[in-house]
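# Structural description and commentary
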Amino acid sequence: RLISGFATTRHGWVTGVGYPADLVEAPLRRLRWILLGAGAAGLALSVVLAIWAHRRIGEPARRLLRAAAALRADQVPAEARTGVREYDAVAETLADAGAALRDRNAMLAAGEARYRELSDAMPQLVWPADAEGKLDHYNRQRAHYFGAGQATANWVAIIHPADLGPTRTAWHAALAAGEPFEIEHRLRLADGSWHWHLSRALPQRDESGRVIRWFGTATDVNANKRREHEAQYLLREVNHRSKNLLAIAQAMTRQTAFDEAPEEMAETLCARFAALSASQDLLLRGEWRRVSLEDLVRAHLAHLAPVLGTRIRLEGETVFLNATAAQAIGMALHELATNATKYGALAGDAGVVTIRWGVDRGAGEERFRMAWEERDGPAVTPPAHQGFGHFVMVRMVEQTLGGEVTLDYGPAGAAWRLDAPAVAALEEGAEAEVSTASP
(Lines give C-alpha, C1' and ligand atoms only; values in the text may rest on other atoms or scores of the structure.)
Protein backbone atom coordinates (compact mmCIF):
# COMPACT_ATOMS: atom_id res chain seq x y z
CA ARG A 1 0.00 0.00 0.00
CA LEU A 2 1.20 3.45 -0.92
CA ILE A 3 0.29 6.79 0.39
CA SER A 4 0.34 9.12 -2.65
CA GLY A 5 0.20 12.83 -3.18
CA PHE A 6 0.22 15.18 -6.29
CA ALA A 7 0.89 18.89 -6.78
CA THR A 8 1.07 21.29 -9.83
CA THR A 9 3.96 23.73 -9.93
CA ARG A 10 3.73 27.33 -11.26
CA HIS A 11 5.33 26.26 -14.44
CA GLY A 12 2.60 23.70 -15.10
CA TRP A 13 4.44 20.63 -14.06
CA VAL A 14 2.61 17.90 -12.15
CA THR A 15 4.67 16.25 -9.45
CA GLY A 16 3.66 12.98 -7.70
CA VAL A 17 5.04 11.34 -4.57
CA GLY A 18 4.32 7.81 -3.30
CA TYR A 19 5.44 6.29 0.03
CA PRO A 20 4.77 2.83 1.52
CA ALA A 21 1.89 3.07 4.12
CA ASP A 22 3.54 0.69 6.59
CA LEU A 23 6.55 2.99 6.90
CA VAL A 24 4.26 5.97 7.62
CA GLU A 25 1.93 4.26 10.21
CA ALA A 26 4.60 2.44 12.24
CA PRO A 27 5.63 5.57 14.30
CA LEU A 28 1.94 6.36 14.95
CA ARG A 29 1.33 2.87 16.26
CA ARG A 30 4.35 3.16 18.58
CA LEU A 31 3.08 6.54 19.87
CA ARG A 32 -0.41 5.13 20.46
CA TRP A 33 1.00 2.29 22.57
CA ILE A 34 3.18 4.72 24.47
CA LEU A 35 0.20 6.95 25.25
CA LEU A 36 -1.93 3.96 26.20
CA GLY A 37 0.75 2.73 28.57
CA ALA A 38 1.20 6.17 30.05
CA GLY A 39 -2.57 6.44 30.63
CA ALA A 40 -2.71 3.05 32.31
CA ALA A 41 0.21 4.00 34.50
CA GLY A 42 -1.44 7.31 35.37
CA LEU A 43 -4.71 5.54 36.23
CA ALA A 44 -2.91 3.09 38.47
CA LEU A 45 -1.08 5.95 40.11
CA SER A 46 -4.38 7.79 40.69
CA VAL A 47 -5.84 4.71 42.33
CA VAL A 48 -2.81 4.41 44.53
CA LEU A 49 -2.97 8.11 45.41
CA ALA A 50 -6.70 7.87 46.13
CA ILE A 51 -6.13 4.97 48.49
CA TRP A 52 -3.35 6.87 50.16
CA ALA A 53 -5.45 10.03 50.45
CA HIS A 54 -8.32 8.02 51.92
CA ARG A 55 -6.07 6.61 54.55
CA ARG A 56 -4.16 9.80 55.15
CA ILE A 57 -6.99 12.35 54.99
CA GLY A 58 -10.46 10.75 54.93
CA GLU A 59 -10.25 8.52 57.99
CA PRO A 60 -8.76 11.24 60.24
CA ALA A 61 -11.48 13.59 59.04
CA ARG A 62 -14.11 11.05 60.05
CA ARG A 63 -12.47 10.68 63.42
CA LEU A 64 -12.67 14.45 63.87
CA LEU A 65 -16.32 14.35 62.90
CA ARG A 66 -16.97 11.67 65.50
CA ALA A 67 -15.17 13.77 68.12
CA ALA A 68 -17.27 16.81 67.18
CA ALA A 69 -20.47 14.74 67.41
CA ALA A 70 -19.46 13.54 70.89
CA LEU A 71 -18.83 17.13 71.94
CA ARG A 72 -22.21 18.16 70.57
CA ALA A 73 -23.79 15.42 72.71
CA ASP A 74 -22.13 16.85 75.87
CA GLN A 75 -19.60 14.00 75.92
CA VAL A 76 -15.86 14.17 76.19
CA PRO A 77 -14.41 13.21 72.71
CA ALA A 78 -11.89 10.37 72.41
CA GLU A 79 -8.26 11.03 71.36
CA ALA A 80 -8.27 12.01 67.68
CA ARG A 81 -4.56 12.51 66.78
CA THR A 82 -4.12 12.08 63.02
CA GLY A 83 -0.58 13.06 62.12
CA VAL A 84 -1.91 15.86 59.89
CA ARG A 85 -0.88 19.16 61.39
CA GLU A 86 -4.06 21.01 60.58
CA TYR A 87 -6.23 18.11 61.74
CA ASP A 88 -4.22 17.70 64.90
CA ALA A 89 -4.78 21.38 65.72
CA VAL A 90 -8.51 20.83 65.40
CA ALA A 91 -8.27 17.64 67.49
CA GLU A 92 -6.41 19.51 70.23
CA THR A 93 -9.09 22.21 70.28
CA LEU A 94 -11.81 19.55 70.53
CA ALA A 95 -9.93 17.85 73.38
CA ASP A 96 -9.65 21.15 75.28
CA ALA A 97 -13.33 21.83 74.70
CA GLY A 98 -14.13 18.31 75.92
CA ALA A 99 -12.14 18.82 79.11
CA ALA A 100 -13.83 22.16 79.72
CA LEU A 101 -17.19 20.52 79.04
CA ARG A 102 -16.42 17.74 81.50
CA ASP A 103 -15.52 20.28 84.21
CA ARG A 104 -18.59 22.35 83.44
CA ASN A 105 -20.85 19.31 83.58
CA ALA A 106 -19.32 18.31 86.90
CA MET A 107 -19.95 21.79 88.28
CA LEU A 108 -23.49 21.79 86.92
CA ALA A 109 -24.17 18.36 88.41
CA ALA A 110 -22.83 19.45 91.78
CA GLY A 111 -24.87 22.67 91.62
CA GLU A 112 -27.98 20.75 90.62
CA ALA A 113 -27.46 18.33 93.51
CA ARG A 114 -27.00 21.21 95.97
CA TYR A 115 -30.09 22.96 94.59
CA ARG A 116 -32.22 19.83 94.97
CA GLU A 117 -30.91 19.16 98.48
CA LEU A 118 -31.53 22.76 99.48
CA SER A 119 -34.98 22.94 97.89
CA ASP A 120 -36.00 19.59 99.39
CA ALA A 121 -34.90 20.81 102.82
CA MET A 122 -37.06 23.93 102.54
CA PRO A 123 -40.55 23.84 104.10
CA GLN A 124 -41.93 25.78 101.13
CA LEU A 125 -43.09 24.36 97.83
CA VAL A 126 -40.25 25.29 95.40
CA TRP A 127 -40.88 25.45 91.66
CA PRO A 128 -38.72 26.64 88.73
CA ALA A 129 -40.30 27.51 85.38
CA ASP A 130 -39.05 28.28 81.88
CA ALA A 131 -39.13 31.73 80.27
CA GLU A 132 -42.75 31.21 79.13
CA GLY A 133 -43.84 30.33 82.67
CA LYS A 134 -44.20 26.57 82.25
CA LEU A 135 -43.38 24.86 85.54
CA ASP A 136 -40.98 21.97 85.07
CA HIS A 137 -40.00 20.82 88.58
CA TYR A 138 -41.19 20.71 92.20
CA ASN A 139 -39.25 19.93 95.34
CA ARG A 140 -40.11 17.18 97.80
CA GLN A 141 -42.93 19.26 99.32
CA ARG A 142 -45.05 18.51 96.24
CA ALA A 143 -46.29 15.39 98.05
CA HIS A 144 -48.15 17.64 100.50
CA TYR A 145 -50.14 19.09 97.61
CA PHE A 146 -50.34 16.55 94.80
CA GLY A 147 -49.98 13.31 96.77
CA ALA A 148 -47.07 10.92 96.98
CA GLY A 149 -46.07 9.18 93.74
CA GLN A 150 -48.32 11.28 91.49
CA ALA A 151 -46.69 11.62 88.08
CA THR A 152 -48.23 14.97 87.08
CA ALA A 153 -48.65 18.18 89.02
CA ASN A 154 -51.74 20.16 88.05
CA TRP A 155 -51.06 23.58 89.55
CA VAL A 156 -54.39 25.03 88.44
CA ALA A 157 -56.33 22.25 90.18
CA ILE A 158 -54.97 23.10 93.63
CA ILE A 159 -55.73 26.86 93.51
CA HIS A 160 -58.99 27.83 95.19
CA PRO A 161 -61.60 28.69 92.53
CA ALA A 162 -62.14 32.13 94.05
CA ASP A 163 -58.40 32.88 93.83
CA LEU A 164 -57.68 31.33 90.41
CA GLY A 165 -58.61 34.42 88.37
CA PRO A 166 -56.50 36.90 90.39
CA THR A 167 -53.60 34.43 90.41
CA ARG A 168 -53.65 34.03 86.63
CA THR A 169 -53.87 37.79 86.12
CA ALA A 170 -50.91 38.48 88.43
CA TRP A 171 -48.82 35.66 86.89
CA HIS A 172 -49.43 36.76 83.29
CA ALA A 173 -48.67 40.37 84.21
CA ALA A 174 -45.36 39.28 85.78
CA LEU A 175 -44.46 37.22 82.69
CA ALA A 176 -45.26 40.10 80.33
CA ALA A 177 -43.32 42.70 82.32
CA GLY A 178 -40.52 40.41 83.53
CA GLU A 179 -41.17 41.68 87.05
CA PRO A 180 -41.32 39.68 90.32
CA PHE A 181 -44.56 37.81 91.00
CA GLU A 182 -46.25 37.83 94.43
CA ILE A 183 -49.76 36.94 95.59
CA GLU A 184 -51.61 35.47 98.56
CA HIS A 185 -54.05 32.73 97.65
CA ARG A 186 -55.51 29.49 98.96
CA LEU A 187 -54.04 26.16 97.87
CA ARG A 188 -55.54 22.74 98.44
CA LEU A 189 -53.39 20.22 100.27
CA ALA A 190 -53.38 16.52 99.47
CA ASP A 191 -55.71 15.88 102.42
CA GLY A 192 -58.33 18.17 100.86
CA SER A 193 -57.92 21.12 103.23
CA TRP A 194 -57.38 24.69 101.99
CA HIS A 195 -54.46 26.70 103.35
CA TRP A 196 -53.49 30.28 102.65
CA HIS A 197 -50.12 30.58 100.86
CA LEU A 198 -47.80 33.40 99.85
CA SER A 199 -46.49 32.61 96.35
CA ARG A 200 -43.49 34.49 94.99
CA ALA A 201 -41.32 34.17 91.87
CA LEU A 202 -38.24 36.02 90.64
CA PRO A 203 -36.99 36.11 87.02
CA GLN A 204 -33.48 34.96 86.04
CA ARG A 205 -31.93 36.96 83.20
CA ASP A 206 -29.04 36.38 80.79
CA GLU A 207 -26.29 38.87 79.91
CA SER A 208 -28.59 40.75 77.57
CA GLY A 209 -31.29 41.13 80.22
CA ARG A 210 -33.67 38.63 78.63
CA VAL A 211 -35.66 36.46 81.08
CA ILE A 212 -34.56 32.84 80.71
CA ARG A 213 -36.10 31.20 83.81
CA TRP A 214 -38.28 31.80 86.85
CA PHE A 215 -37.70 30.55 90.38
CA GLY A 216 -40.65 30.56 92.75
CA THR A 217 -41.85 29.40 96.15
CA ALA A 218 -45.22 28.89 97.81
CA THR A 219 -45.10 29.43 101.58
CA ASP A 220 -47.88 28.17 103.85
CA VAL A 221 -49.05 31.23 105.82
CA ASN A 222 -52.27 29.71 107.09
CA ALA A 223 -51.13 29.86 110.72
CA ASN A 224 -50.22 33.53 110.29
CA LYS A 225 -53.60 34.23 108.71
CA ARG A 226 -55.35 32.46 111.57
CA ARG A 227 -53.36 34.42 114.15
CA GLU A 228 -54.10 37.61 112.26
CA HIS A 229 -57.82 36.86 112.27
CA GLU A 230 -57.67 35.85 115.92
CA ALA A 231 -55.84 39.06 116.78
CA GLN A 232 -58.50 41.08 114.96
CA TYR A 233 -61.21 39.11 116.73
CA LEU A 234 -59.53 39.64 120.11
CA LEU A 235 -59.18 43.36 119.44
CA ARG A 236 -62.87 43.58 118.64
CA GLU A 237 -63.67 41.48 121.70
CA VAL A 238 -61.45 43.60 123.96
CA ASN A 239 -63.09 46.75 122.64
CA HIS A 240 -66.55 45.25 123.14
CA ARG A 241 -65.72 43.82 126.56
CA SER A 242 -64.12 47.06 127.68
CA LYS A 243 -67.28 48.96 126.87
CA ASN A 244 -69.35 46.33 128.67
CA LEU A 245 -67.06 46.42 131.69
CA LEU A 246 -67.29 50.20 131.87
CA ALA A 247 -71.08 50.00 131.63
CA ILE A 248 -71.17 47.32 134.34
CA ALA A 249 -68.77 49.30 136.54
CA GLN A 250 -70.89 52.43 136.17
CA ALA A 251 -74.11 50.55 136.99
CA MET A 252 -72.40 48.74 139.87
CA THR A 253 -71.07 51.98 141.32
CA ARG A 254 -74.37 53.78 140.93
CA GLN A 255 -76.44 50.98 142.45
CA THR A 256 -73.97 50.29 145.26
CA ALA A 257 -74.02 53.95 146.21
CA PHE A 258 -77.80 53.72 146.35
CA ASP A 259 -77.87 50.44 148.34
CA GLU A 260 -74.95 50.77 150.74
CA ALA A 261 -74.06 53.17 153.49
CA PRO A 262 -71.08 55.40 152.64
CA GLU A 263 -68.79 53.59 155.09
CA GLU A 264 -69.58 50.19 153.49
CA MET A 265 -69.64 51.32 149.85
CA ALA A 266 -65.87 51.14 149.27
CA GLU A 267 -65.57 47.60 150.64
CA THR A 268 -68.56 46.37 148.66
CA LEU A 269 -67.34 47.96 145.43
CA CYS A 270 -63.85 46.51 145.86
CA ALA A 271 -65.32 43.02 146.37
CA ARG A 272 -67.55 43.33 143.32
CA PHE A 273 -64.74 44.67 141.17
CA ALA A 274 -62.55 41.77 142.34
CA ALA A 275 -65.27 39.34 141.28
CA LEU A 276 -65.52 41.03 137.92
CA SER A 277 -61.74 40.84 137.56
CA ALA A 278 -61.73 37.10 138.38
CA SER A 279 -64.12 36.44 135.49
CA GLN A 280 -62.02 38.55 133.16
CA ASP A 281 -58.85 36.64 134.09
CA LEU A 282 -60.52 33.34 133.22
CA LEU A 283 -61.85 34.77 129.97
CA LEU A 284 -58.38 35.98 129.06
CA ARG A 285 -56.94 32.50 129.62
CA GLY A 286 -59.71 31.12 127.40
CA GLU A 287 -58.91 33.70 124.68
CA TRP A 288 -62.24 35.42 125.35
CA ARG A 289 -64.07 32.40 123.95
CA ARG A 290 -64.88 30.00 126.75
CA VAL A 291 -64.45 29.35 130.48
CA SER A 292 -64.70 26.09 132.40
CA LEU A 293 -67.68 26.41 134.77
CA GLU A 294 -65.82 24.58 137.54
CA ASP A 295 -62.87 26.96 137.18
CA LEU A 296 -65.28 29.88 137.31
CA VAL A 297 -66.89 28.60 140.52
CA ARG A 298 -63.52 27.97 142.18
CA ALA A 299 -62.23 31.40 141.16
CA HIS A 300 -65.20 33.22 142.73
CA LEU A 301 -65.04 31.08 145.85
CA ALA A 302 -61.26 31.26 146.20
CA HIS A 303 -61.60 33.24 149.47
CA LEU A 304 -63.55 30.24 150.82
CA ALA A 305 -60.94 27.68 149.76
CA PRO A 306 -60.62 26.10 153.26
CA VAL A 307 -64.20 24.82 153.09
CA LEU A 308 -64.28 23.94 149.38
CA GLY A 309 -64.97 20.23 149.10
CA THR A 310 -66.36 20.01 152.66
CA ARG A 311 -68.99 22.66 153.36
CA ILE A 312 -69.09 23.78 149.72
CA ARG A 313 -69.77 20.84 147.41
CA LEU A 314 -69.45 20.96 143.64
CA GLU A 315 -71.42 18.50 141.51
CA GLY A 316 -71.24 18.62 137.73
CA GLU A 317 -69.42 17.43 134.67
CA THR A 318 -67.02 19.48 132.59
CA VAL A 319 -68.88 22.25 130.83
CA PHE A 320 -67.58 25.37 129.10
CA LEU A 321 -69.46 28.65 129.27
CA ASN A 322 -69.24 31.28 126.59
CA ALA A 323 -67.82 34.67 127.53
CA THR A 324 -71.16 36.40 128.08
CA ALA A 325 -72.54 33.63 130.29
CA ALA A 326 -69.30 33.40 132.27
CA GLN A 327 -69.42 37.08 133.11
CA ALA A 328 -73.06 37.04 134.23
CA ILE A 329 -72.86 33.77 136.20
CA GLY A 330 -69.55 34.84 137.77
CA MET A 331 -71.13 38.02 139.17
CA ALA A 332 -74.11 36.00 140.43
CA LEU A 333 -71.77 33.53 142.18
CA HIS A 334 -70.02 36.42 143.91
CA GLU A 335 -73.30 37.83 145.24
CA LEU A 336 -74.50 34.38 146.32
CA ALA A 337 -71.22 33.70 148.16
CA THR A 338 -71.33 37.12 149.82
CA ASN A 339 -74.89 36.62 151.04
CA ALA A 340 -74.13 33.06 152.23
CA THR A 341 -71.11 34.33 154.19
CA LYS A 342 -72.99 37.22 155.79
CA TYR A 343 -76.44 35.79 156.36
CA GLY A 344 -76.72 32.23 155.04
CA ALA A 345 -75.26 28.76 155.39
CA LEU A 346 -71.64 29.93 155.59
CA ALA A 347 -72.36 32.46 158.34
CA GLY A 348 -72.35 29.68 160.95
CA ASP A 349 -70.28 26.57 161.50
CA ALA A 350 -72.68 23.85 160.27
CA GLY A 351 -74.18 25.15 157.07
CA VAL A 352 -73.52 23.50 153.72
CA VAL A 353 -73.71 24.88 150.18
CA THR A 354 -74.21 22.57 147.21
CA ILE A 355 -73.56 23.86 143.69
CA ARG A 356 -74.80 21.65 140.88
CA TRP A 357 -74.94 22.05 137.11
CA GLY A 358 -75.63 20.02 134.00
CA VAL A 359 -77.37 19.87 130.64
CA ASP A 360 -80.80 18.32 130.13
CA ARG A 361 -80.80 16.55 126.77
CA GLY A 362 -84.43 15.62 126.84
CA ALA A 363 -86.89 16.11 124.01
CA GLY A 364 -86.73 19.42 122.22
CA GLU A 365 -84.24 22.15 123.11
CA GLU A 366 -81.23 21.32 125.26
CA ARG A 367 -81.37 23.18 128.56
CA PHE A 368 -78.52 24.28 130.78
CA ARG A 369 -79.38 24.14 134.46
CA MET A 370 -77.46 25.31 137.51
CA ALA A 371 -78.37 25.52 141.21
CA TRP A 372 -76.98 27.02 144.43
CA GLU A 373 -78.66 25.43 147.47
CA GLU A 374 -77.98 26.16 151.13
CA ARG A 375 -79.02 24.11 154.16
CA ASP A 376 -78.35 23.77 157.89
CA GLY A 377 -77.55 27.44 158.20
CA PRO A 378 -79.24 30.21 160.17
CA ALA A 379 -82.87 30.93 159.39
CA VAL A 380 -83.14 33.30 156.47
CA THR A 381 -85.82 35.78 155.51
CA PRO A 382 -86.39 37.53 152.20
CA PRO A 383 -84.67 40.94 152.11
CA ALA A 384 -86.92 43.92 152.57
CA HIS A 385 -85.21 45.73 149.69
CA GLN A 386 -84.10 44.25 146.38
CA GLY A 387 -80.85 45.98 145.60
CA PHE A 388 -78.05 45.57 143.07
CA GLY A 389 -77.19 42.11 144.35
CA HIS A 390 -80.67 40.84 143.59
CA PHE A 391 -80.50 42.48 140.16
CA VAL A 392 -77.20 40.69 139.41
CA MET A 393 -78.37 37.28 140.65
CA VAL A 394 -81.74 37.33 138.90
CA ARG A 395 -82.47 39.93 136.27
CA MET A 396 -78.98 40.26 134.78
CA VAL A 397 -78.60 36.48 134.42
CA GLU A 398 -82.07 36.16 132.91
CA GLN A 399 -81.50 38.98 130.42
CA THR A 400 -78.03 37.73 129.46
CA LEU A 401 -78.95 34.06 128.93
CA GLY A 402 -82.59 34.40 127.94
CA GLY A 403 -83.51 31.98 130.71
CA GLU A 404 -85.37 31.89 134.02
CA VAL A 405 -83.88 32.39 137.48
CA THR A 406 -85.64 31.65 140.77
CA LEU A 407 -84.35 32.83 144.14
CA ASP A 408 -86.14 31.33 147.16
CA TYR A 409 -85.55 31.96 150.86
CA GLY A 410 -87.02 28.80 152.36
CA PRO A 411 -86.71 27.38 155.88
CA ALA A 412 -83.80 25.14 154.83
CA GLY A 413 -81.86 28.04 153.35
CA ALA A 414 -81.52 30.16 150.24
CA ALA A 415 -81.88 28.42 146.86
CA TRP A 416 -80.91 29.95 143.51
CA ARG A 417 -81.78 28.06 140.31
CA LEU A 418 -81.06 28.85 136.67
CA ASP A 419 -82.79 27.29 133.64
CA ALA A 420 -81.59 28.59 130.25
CA PRO A 421 -81.14 27.39 126.65
CA ALA A 422 -77.84 25.51 126.41
CA VAL A 423 -77.00 27.31 123.18
CA ALA A 424 -77.10 30.66 125.02
CA ALA A 425 -74.85 29.53 127.88
CA LEU A 426 -72.38 27.00 126.52
CA GLU A 427 -69.58 27.57 124.08
CA GLU A 428 -70.58 26.02 120.75
CA GLY A 429 -68.30 23.15 119.71
CA ALA A 430 -66.45 23.09 123.04
CA GLU A 431 -64.91 19.74 123.86
CA ALA A 432 -66.83 18.86 127.00
CA GLU A 433 -68.70 15.98 128.55
CA VAL A 434 -71.93 17.26 130.08
CA SER A 435 -74.38 15.63 132.44
CA THR A 436 -77.84 14.70 131.17
CA ALA A 437 -79.39 15.04 134.60
CA SER A 438 -81.21 18.14 135.77
CA PRO A 439 -79.85 19.76 138.94
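Described below are features of the structure shown in this document. (Residues numbered from 1 in each chain as written. Predicted model: local features only at pLDDT ≥ 70, side-chain atom pairs only at ≥ 80, totals over all residues. Heavy atoms only, no water.)

Turning next to the overall build of the chain. Across its full length, the chain carries ten helices and 13 strands. Burial statistics for the chain: of 439 residues in total, 34% are counted as buried. Taking all contacts inside the chain whose residues are at least 6 apart in sequence as the whole, residues at least 24 apart take part in 57%. Within the structure as shown, the chain displays about 26300 Å² of accessible surface, and the carbon and sulfur contribution to it stands at 57%. (Helix = DSSP H or I, 4+ residues; strand = E, 2+ residues; numbered from the N terminus. Buried < 20%, exposed > 50% of the residue type's maximum accessible area, 1.4 Å probe, protein only. Contact = heavy atoms within 4.5 Å. Areas by Shrake-Rupley, 256 points an atom, 1.4 Å probe, with all protein chains shown as cover.)

A word on a nonpolar patch on the surface. Side chains of Ile3, Tyr19, Leu23 and Val24 sit close together on the surface and give an oily, nonpolar patch of about 350 Å² of accessible area. When you line up the elements, tyrosine 19 lands in strand E2 (residues 14-20). On the basis of relative accessible area, tyrosine 19 is assigned to the partly exposed category, the value being 43%. (Patch = residues over 30% accessible without salt bridge, like charges linked within 9 Å, V, L, I, M, F, W, Y side chains within 5 Å. Salt bridge = Lys/Arg side-chain N within 4 Å of Asp/Glu carboxyl O.)

In this structure the tally under the stated criterion is four aromatic pairs. The interplanar angle of 55° and the centroid separation of 5.3 Å between the aromatic rings of tyrosine 138 and phenylalanine 146 together place this pair among those described as tilted. Taken individually, tyrosine 138 and phenylalanine 146 each receive the classification buried, so the pair is uniform in this respect. Taking the centre distance of 5.1 Å and the plane angle of 75° together, the rings of tryptophan 171 and phenylalanine 181 count as edge-to-face. One end of the pair, tryptophan 171, is in helix H4 (residues 161-177); the other, phenylalanine 181, is in strand E4 (residues 181-188), with ten residues separating them in the sequence. Chaining the aromatic ring pairs together yields one cluster made of Trp127, Trp171, Phe181 and Trp214. A cation over a ring is seen here: lysine 225 above tryptophan 196, with NZ or CZ 4.8 Å from the ring centre. (Phe/Tyr/Trp six-rings, centres within 6.5 Å; stacked < 30°, edge-to-face > 60°. Lys NZ or Arg CZ within 6 Å of the ring centre and 35° of its normal.)

Relative to E2, strand E1 (residues 2-8) runs antiparallel, the two sharing seven bridges. Among the inter-strand pairings, glycine 5 is bridged to a residue of E2, identified as valine 17. Count of turn residues in the E1/E2 antiparallel hairpin: five residues, of which glycine 12 carries a positive phi of about 95°. (Pairing = 2+ DSSP bridges.)

A full pass over the atoms with the stated rule returns 18 salt bridges. Where glutamate 294 meets arginine 298, a salt bridge forms, and the shortest distance between an N and an O atom there is 3.2 Å. Separated by four residues within a single helix, glutamate 294 and arginine 298 lie in helix H7 (residues 293-300), roughly one turn from each other. Residues joined by salt bridges that share partners form a network here, namely Asp360, Glu365, Arg367, Arg369 and Asp419.

What follows covers H7. Residues of H7 that are buried include every one of Leu293, Leu296, Val297 and His300, and no others. Down the axis of H7, the buried set is contained in an arc of 100°. They therefore lie on one face. (Arc of directions from axis to C-beta.)

Quick look at the pairing of strand E11 (residues 367-375) now. Where burial is concerned, most of E11 is hidden: seven out of the nine residues are buried. Taken together, the nine bridges between strand E10 (residues 352-360) and E11 define a ladder with antiparallel strand orientation. Each residue of the ladder has a partner; that of arginine 356, found in E11, is alanine 371.

This part covers the sheet that holds E11. Taken in spatial order, the five strands line up as E8-E10-E11-E13-E12 in an open sheet, and their pairing is mixed. In this open sheet, the two edge strands, each paired with only one partner strand, are strand E8 (312-315) and strand E12 (404-410). Going across the sheet, the axis of each strand differs from the next one's by a mean of 10°, ignoring polarity. When E8 meets E10, the two strands line up parallel, connected through four bridges. If you follow isoleucine 312 over to E10, its bridge partner there is valine 353. Along the sheet, H7 contacts E8, E10 and E11; its crossing angle with E10, the most-contacted strand, is approximately 160°. Packed on one face of the sheet, helix H8 (residues 323-342) meets E11, E12 and strand E13 (413-421) and runs near 10° to E11. (Axes fitted to C-alpha atoms, helices over the stretch in contact; angles between N-to-C directions.)

For the rest of this paragraph, the subject is the sheet that holds strand E6 (residues 211-220). Spatially, the four strands line up as an open sheet ordered E3-E6-E5-E4, and their pairing is antiparallel. Each edge of the open sheet carries a strand with a single partner, namely strand E3 (125-130) and E4. Neighbouring strand axes in the sheet, compared pairwise and without regard to direction, differ in orientation by 25° on average. Summarising the sheet, E4 and strand E5 (residues 194-205) pair through eight bridges and their orientation is antiparallel. Within the sheet, the bridge partner assigned to leucine 187 lies in E5 and is histidine 195.

Let us now look at the environment of aspartate 22. Along the chain, aspartate 22 falls in helix H1 (residues 21-72). Distance in space between the C-alpha atoms of aspartate 22 and isoleucine 3 is 9.3 Å, their sequence separation being 19 residues. Filtering out sequence-adjacent residues up to four positions away, aspartate 22 remains in contact with Arg1 and Arg29.

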